[in-house]
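# Understanding the architecture of this molecule
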Amino acid sequence: MSQRRFSVACERNREPIRRVLARWLPDRGRVLEVSSGTGQHVAHFAEAFAQLRWMPSDRSDADFDSIRAWTEGLDNVDPPRVVDVLDSPDEHLSADVVFNANMIHISPFETTSGLFRWAAHVLPAGGQLILYGPYFEDGVETAPSNLAFDVSLRQRDPSWGIRRREDVDDLGAAHGFVRRERVEMPANNLLLRYLFATPIAG
């Protein structure tokens, strides 16, 4: 029996994300996906961008069977690894791009700080951190569906919730990242592209 788990949201958004990634991803290199979940994203992107080495990860091994099932037969995908951004960065891990989808709003805000800290450790100067998900933005009208979603998230866990894009930008800057692009996506989501520009001493 297949170990594949299935996410309707991943199935819906993977192709719109791929179309934007086609403009941003390098011709070669390694992509670390933080919080790979079911494995649907990394499987779709690894097939589409065969010139890149893909490194799926999650905070525990609970979904590794699903990730392996989705990526079976793809020779440019590493075995899934444990990456918990609240732990100290792995000194042996390096990547040219870090990609994360739909984690920031279903975790405490310190997880976002941990994500930037990990990305600053594994990326070279000029490396990219790409984030996908819903955000609130100053001066931009919020869709009623996102407002309702935020309420439901905070009811599940008060430390969760849709973040202000400006707060995420500021947090990125504190870790040496500059946001270069913002792309509006279907279902009131954004793709944000950050460049690692200024390594933080210490």
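It should be noted that the structure appears before, not after, this text.
Residues numbered from 1 in each chain as written. Predicted model: local features only at pLDDT ≥ 70, side-chain atom pairs only at ≥ 80, totals over all residues. Heavy atoms only, no water.

### A few points about the nonpolar core
Rules: Residues belong to a common nonpolar core when they are buried Ala, Val, Leu, Ile, Met, Phe, Trp, Tyr or Cys residues joined through side-chain atoms within 4.5 Å. Three exposure classes are used, based on accessible area relative to the maximum for each residue type with a 1.4 Å probe and protein chains only: buried under 20%, partly exposed in between, and exposed over 50%. Here a strand is any run of E in DSSP of at least two residues, a helix any run of H or I of at least four, and the numbering for each starts at the N terminus. Contacts were defined at the residue level, with two residues in contact if any of their heavy atoms lie within 4.5 Å.
By size, the foremost hydrophobic cluster in this structure holds 26 residues, and its most contacted members are V98 and L131. Breaking this core down by element, the ones donating at least two residues are strand 1 (29–34), helix 4 (109–122), strand 5 (128–133), helix 6 (165–174) and strand 9 (189–196). In terms of residues, this core owes the most to one element, helix 4, which gives 5 residues. Those residues within four positions of L131 in sequence are excluded, and the remaining contacts are N100, I104, L115, F116, V168, L190, L191, L192 and Y194. Counting residues in each nonpolar core, the second largest holds 21 residues, with L21, A46, F49 and M185 among its members.

### Section: helix 4
Residues separated by three or four positions in an α-helix point in the same direction, a consequence of the helix having 3.6 residues per turn. Threshold: Here the expected length of a helix is defined as 1.5 Å per residue gap, with one fewer gap than residues.
Compared with the 20 Å implied by 1.5 Å per residue over 14 residues, the 21 Å span of helix 4 between its first and last C-alpha is a close match. The complete set of buried residues in helix 4 reads T111, T112, G114, L115, F116, W118, A119 and V122. As for helix 4, its buried residues are in contact with strand 1, strand 4 (97–101), strand 5, helix 6, strand 8 (177–185) and strand 9.

### Details of the packing of aromatic side chains
Where we set the bar: Here the aromatic set is Phe, Tyr and Trp, taking the six-membered ring for Trp, and pairing holds for ring centres within 6.5 Å; pairs whose planes are under 30 degrees apart are stacked, those over 60 apart are edge-to-face, and all others are tilted. Geometrically, a charge over a ring is one whose NZ (Lys) or CZ (Arg) sits within 6 Å of the ring centre while staying within 35 degrees of the ring normal.
Overall, the coordinates contain 6 aromatic pairs when judged by the stated rule. For the pair F177 and F196, a centre-to-centre distance of 4.9 Å together with 35° between the ring planes defines the contact as tilted. Placement of the pair is F177 in strand 8 and F196 in strand 9, with a sequence separation of 19 residues. Comparing F177 with F196, the two get one shared label, buried. Chaining the aromatic ring pairs together yields one cluster made of F45, F49, W54 and F99. It is R4 that lies over the ring of W70; its NZ or CZ is 4.2 Å from the centre.

### Some thoughts on the sheet that holds strand 2 (residues 52–58)
As a reminder of what qualifies: When DSSP locates at least two bridges between a pair of strands, those strands are taken to pair.
Taking strand neighbours across the sheet as the criterion, the 7 strands line up as 3-2-1-4-5-9-8 in an open arrangement whose pairing is mixed. Looking at strand neighbours, the two that pair on one side only are strand 3 (81–82) and strand 8, the edges of this open sheet. The pairing of strand 5 with strand 9 spans 6 bridges and is antiparallel. Within the sheet, the bridge partner assigned to L129 lies in strand 9 and is Y194.

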